[in-house]
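An overview of the molecular structure
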Amino acid sequence: MSFQIGLRLEISYLCSKTQSVPMDILFASSEATPFAKTGGLADVAGALPRELSRLGHRVTVFLPAYRSCLNSGIPIEPTEIEFEIPLGTKLVEGNLLHSRLPGSDVTFYLVNQPDYFDRKHLYTVKGKDYVDNCERFIFFCRSVLESVRMLDWSPEIIHANDWQTGLIPALLKTEYVGTTTFENIASLITIHNLAYQGSFWHWDMLLTGLDWKYFNWRQMEFYGQLNLLKTGIAFADAISTVSPTYAQEIQTPAQGCGLHDTLQHRSDELTGILNGIDVNTWNPQTDPALAANYDVTNFEAGKSACKSVMQKESGLVEDPNIPMIGIIGRLESQKGWSLILPVMKQWLETLDVQWVVLGTGQADYQAVLNRLKRSYPDKLALTLDFSNEVAHQIEAAADIFLMPSEFEPCGLNQMYSMAYGTVPVVRRTGGLADTVVNATTETLADKTANGFSFQPFTVEDLESSIALAVDMFVNDRSTWNQLIETGMHSDWSWAASARKYVALYKQTVTRKLASHQTV
Ligand code: ADP
């Protein structure tokens, strides 16, 4: 039996046996809805703690006190916790604010340092990273552990997320080792996207406060730079990522973003747990952003009303029979824009198909989309902005949702789409491969098909896959509706994933305690 299978069996065993014993979990993240969001990590950091708390666990989330948190309207109070964090040759003061995830028992501690975090954006300004990002997040990591010390609290596990929190496992295993509060705290790091690694010039090693001996190719160094994600992977007691397929892919040279060796080296501790979606926010039956609410029993009428409003308000031709393709996401190469734009251009010219696009990102993609919008205003609706409301409206109005990602750790939009009765067309990679079942004779017969997928990353393969979807929408509405029903009936909620995280936490804590006993 391979280790992966062994690990999965162990997790499912633990899932059934030990779920009920409450755990004390510290969750550290650089973003979390509804406080601060740039992408999928925020959705996870808002929804997973809520679900863990619902299962009876005590969850405390640490987040930087960004301007968006302070302006969120969610009640935030001061605490007595104040600290001075060493960063290279200086000491930087900060303090802790207290809040609560609305509608839950989840405590949020916001690390307050206005110079670092009271800024308009989270990580970038005018498309460029803030020059002090390394310093900001080293400060954040150290503040989390100092707060734990000052609160005199010993959580069983610290769940770190992405490079911004990658230093926490390293600090636990080095500076904080041997102190009673920290001795038994296990650490897990989740990789939400391996493409973002927090790589900085080597002199930033001085900011970490750690000895240069850790700046080696097995731990913190990566081609001469300080790499904070690699640091987290090297030092954490366990590593997870956000889908089983991505957990395999990132161990290959093709998709390992240079870290495949590091990940292979720790493959015994690496597992993939699929993200869920927040079914309270993403529910077409109750969604306040929609022109009409619907469920699986009346989706035809509901979606048609939403589509009609979208067409009217966006200046598209008002016709329920014209296929509408929705796209929501970052305008970055990862999301497959090099495939989408040629097909879109060609189809706008020749076919009666509508495109509804919402996104922010690269200026070159924005320029092409703006040009296409000017040429085809009644076939292309374009919102180059970040808007939750429009995202919800597109999920309801579109017939097809397009997500031909070059790589996709998990992806949330394909699951939102299926919940909203919108058929996904995706590239078979990462979490897209784990959630979308391509419509074939077999999968249609056994009613597992819920969308369309293709593998080779080419314009031709994308075009054939969308063409199959459009053909089915236009010519075979009953099979189309079968795909919709299969998607809408699926359970994309966090409940199952949260149980898997609890099992992984318990397994990691148990191993950590066992390793202490054998030392
Ligand atoms: P990633 O994390 O790689 O950006 P995901 O599909 O995992 O991709 O998650 C992206 C999240 O951000 C989804 O909730 C999606 O709806 C949202 N999103 C992305 N771009 C926009 C936008 N321009 N406006 C509103 N929501 C957006």
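Above this note sits the structure.
Residues numbered from 1 in each chain as written. Predicted model: local features only at pLDDT ≥ 70, side-chain atom pairs only at ≥ 80, totals over all residues. Heavy atoms only, no water.

1. Topic: the pattern of salt bridges
Note the following rule: The working definition used for a salt bridge is a side-chain nitrogen of Lys or Arg within 4 Å of a carboxyl oxygen of Asp or Glu. For helices the rule is a DSSP run of H or I covering at least 4 residues; for strands it is a run of E covering at least 2, with both sets numbered from the N terminus onward. Here the term buried applies to any residue with accessible area under 20% of the maximum for its type, exposed to any over 50%, and partly exposed to those in between, with areas from a 1.4 Å probe on protein chains only.
If you walk through the whole model with that rule in mind, you get 13 salt bridges. The partner of Asp24 in a salt bridge is Arg58, with the nearest N and O atoms 3.6 Å apart. Here Asp24 is found in strand 1 (residues 24-28), whereas its partner Arg58 is found in strand 2 (residues 58-64), with 34 residues between them in sequence. Assessed through its relative accessible area of 49%, Arg58 is described here as partly exposed. Note that Asp43 is salt-bridged to Lys37, the shortest N-O span being 2.9 Å. Residue Asp43 is classed as buried on the basis of its relative accessible area, which comes to 15%. You can call Lys37 partly exposed: its relative accessible area is 27%. Because the salt bridges share partners, they merge into one network encompassing Lys173, Asp237 and Lys512.

2. Focus: the environment of Thr79
To keep it simple, the criterion reads: We define a polar contact as two N or O atoms separated by no more than 3.5 Å, with the added condition that, inside protein, one atom must be a possible hydrogen donor and the other a possible acceptor, whereas residues neighbouring each other in sequence contribute only through side-chain atom pairs.
Take Thr79: it is sitting in strand 3 (residues 77-87). When its relative accessible area of 25% is taken as the criterion, Thr79 is described as partly exposed. Taking the C-alpha atoms as reference points, Thr79 and His98, separated by 19 residues in sequence, lie 6.4 Å from one another. From its side chain, Thr79 meets the backbone nitrogen of Ile81 in a polar contact 3.1 Å long. A distance of 2.7 Å separates a polar side-chain atom of Thr79 from the backbone oxygen of Leu96.

3. Looking at the site of the ligand
Threshold: By convention in this text, a residue qualifies as near a molecule or strand provided that one of its non-hydrogen atoms is within 4 Å of it. Amino acids outside the nonpolar list (Ala, Val, Leu, Ile, Met, Phe, Trp, Tyr, Cys, Pro) and the charged list (Asp, Glu, Lys, Arg) are all regarded as polar, and Gly is one of them.
The environment of the ligand is made up of 20 residues, and the closest members are Gly40, Asp43, Arg330, Lys335 and Asp385. A distance of 2.8 Å separates an oxygen atom of the ligand from a polar backbone atom of Gly40. Here Asp43 contributes a side-chain N or O atom positioned 2.9 Å from an oxygen atom of the ligand. Looking at the shell around the ligand, the elements with two or more residues in it are helix 2 (40-54) and helix 16 (413-419). In terms of residue class, the shell around the ligand is built from seven nonpolar, seven polar and six charged.

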